[in-house]
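Residues per chain are reported as follows:
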Amino acid sequence: AQTVTQSQPEMSVQEAETVTLSCTYDTSESNYYLFWYKQPPSRQMILVIRQEAYKQQNATENRFSVNFQKAAKSFSLKISDSQLGDTAMYFCAFMNGEYNNDMRFGAGTRLTVKP
Amino acid sequence: KAGVTQTPRYLIKTRGQQVTLSCSPISGHRSVSWYQQTPGQGLQFLFEYFSETQRNKGNFPGRFSGRQFSNSRSEMNVSTLELGDSALYLCASKLAGAVDTQYFGPGTRLTVL
């Protein structure tokens, strides 16, 4: 069974600084997708970034980038130039295969950006 | 384009009752998935519907069921409610396959008394 582990329940960072959230996963599959979702206090889940396992290049979306280490089954999220609006729960998620929409989530990391 | 909408946003029921939650996906999206979010268990996948057929199912008892209509709108039903069913129920839609981005709705907060 696929599992997703986020070992940091809470983190904080000063505004404008950089923070890295950790995520590890376990799977025997070769074709899968990894995601980071953000859930602000308003509760609407928002996709931050996604990574296809077959792509070696790390995904980047503006201030958000990932460090995808396939052999180590690690998928960390780096947030650069942190902003107050980045304060939220961050969930790492795994989805296996092409049409299997059984998305597995980690327990989440609560990130607080301090002014 | 309008986002994923869920109704109602808040619901209070008592044990033993049944409840139906509704989800309207983004226009053109044919896949709708449901998730349960609780403080203890986190986010758990309930099921996914695609073109009116259940395509995937999570590990939940048969009290949890769903369906999808021809316009891709989906409903989720929970029968014989238990206290442990209190949760935020999230609906997410996508075009079709795993390559497509999944968009979440705001959720329905269900409280079982």
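Only a predicted model underlies this, so the values are computations on that prediction, with no experimental measurement involved.

**Student:** Before we go on, may I ask you to explain the overall build of chain A in this structure?
**Tutor:** Helix and strand counts for chain A come out as zero helices and twelve strands. The order of α-helices and β-strands along chain A, N terminus first, is β-β-β-β-β-β-β-β-β-β-β-β. Taking 115 residues into account, the globule formula puts the C-alpha radius of gyration at 13 Å, and chain A, at 14 Å, falls close to it. Dimensions along the principal axes, computed over C-alpha positions, put chain A at roughly 40 × 25 × 20 Å. In chain A, buried positions account for 50% of the 115 residues.

**Student:** Just to check I follow, could you spell out the packing of aromatic side chains for this structure?
**Tutor:** One pair of aromatic rings is described through two measures. These are the centre distance and the angle between the planes. Residues and elements named next belong to chain A. Applying the stated rule across the entire model yields 15 aromatic pairs over all chains. On the basis of an interplanar angle of 35 degrees and a centroid distance of 6.1 Å, the ring pair of Phe35 and Tyr37 is categorised as tilted. Here Phe35 and Tyr37 have matching classes, each one buried. Between the aromatic rings of Tyr37 and Phe105, the centroid separation amounts to 6.1 Å while the plane-to-plane angle is 55 degrees, which identifies the pairing as tilted.

**Student:** Is there a simple way to think about the sheet that holds strand 3 (residues 19-24) of chain B in this case?
**Tutor:** Sheets are built from strands that pair by backbone hydrogen bonding, the pairs being arranged parallel or antiparallel. Residue and element names in this part refer to chain B. Taking strand neighbours across the sheet as the criterion, the four strands line up as 1-3-8-7 in an open arrangement whose pairing is antiparallel. Two strands lie at the open edges of the sheet, namely strand 1 (5-7) and strand 7 (64-68), each paired on one side alone. Strand-to-strand twist in this sheet, taken as the mean axis angle between neighbours without regard to direction, amounts to 20 degrees. Here strand 1 pairs with strand 3 via three bridges, running antiparallel. When the sheet's bridge partners are listed, Thr7 is paired in strand 3 with Ser22.

**Student:** What is the right way to look at the nonpolar core in this model?
**Tutor:** Generally speaking, a soluble globular protein has its nonpolar side chains buried in company with each other. One finds Tyr25(A), Trp36(A), Phe75(A), Leu77(A) and Tyr90(A) to be the most contacted residues of the largest nonpolar core, which totals 25 residues. For this core, the elements supplying multiple residues, two or more each, are strand 3 (19-21), strand 5 (32-39), strand 6 (46-52), strand 8 (64-69), strand 9 (74-79), strand 10 (88-96) and strand 12 (109-114) of chain A.

**Student:** Which parts of the structure should I look at to understand the interface of chain A and chain B?
**Tutor:** Quoted interface sizes are often the accessible area lost when the parts come together. Each partner contributes to the interface: chain A provides 18 residues, whereas chain B provides 23 residues. For the pair chain A and chain B, the summed buried surface comes to about 1,800 Å²; carbon and sulfur atoms form 51% of the total. At the junction of chain A with chain B, the criterion picks out zero salt bridges. Put simply, chain A and chain B have three residue pairs in polar contact (both at pLDDT 80 or more) between them. For the side of chain A that touches chain B, the secondary-structure elements that each account for two or more residues are strand 5, strand 6 and strand 10 of chain A.

Basis of the calculations
Residues numbered from 1 in each chain as written. Chains lettered and ligands numbered in written order. Predicted model: local features only at pLDDT ≥ 70, side-chain atom pairs only at ≥ 80, totals over all residues. Heavy atoms only, no water. Helix = DSSP H or I, 4+ residues; strand = E, 2+ residues; numbered from the N terminus. Rg over C-alpha atoms; globule rule 2.2 N^0.38 Å. Buried < 20%, exposed > 50% of the residue type's maximum accessible area, 1.4 Å probe, protein only. Phe/Tyr/Trp six-rings, centres within 6.5 Å; stacked < 30°, edge-to-face > 60°. Pairing = 2+ DSSP bridges. Axes fitted to C-alpha atoms, helices over the stretch in contact; angles between N-to-C directions. Core = buried A, V, L, I, M, F, W, Y, C linked by side-chain atoms within 4.5 Å. Contact = heavy atoms within 4.5 Å. Buried area = accessible area lost by both parts, 1.4 Å probe. Salt bridge = Lys/Arg side-chain N within 4 Å of Asp/Glu carboxyl O. Polar contact = N/O pair within 3.5 Å; in protein donor to acceptor, adjacent residues only side chain to side chain.

Function cannot be read off these values alone, since they describe shape.
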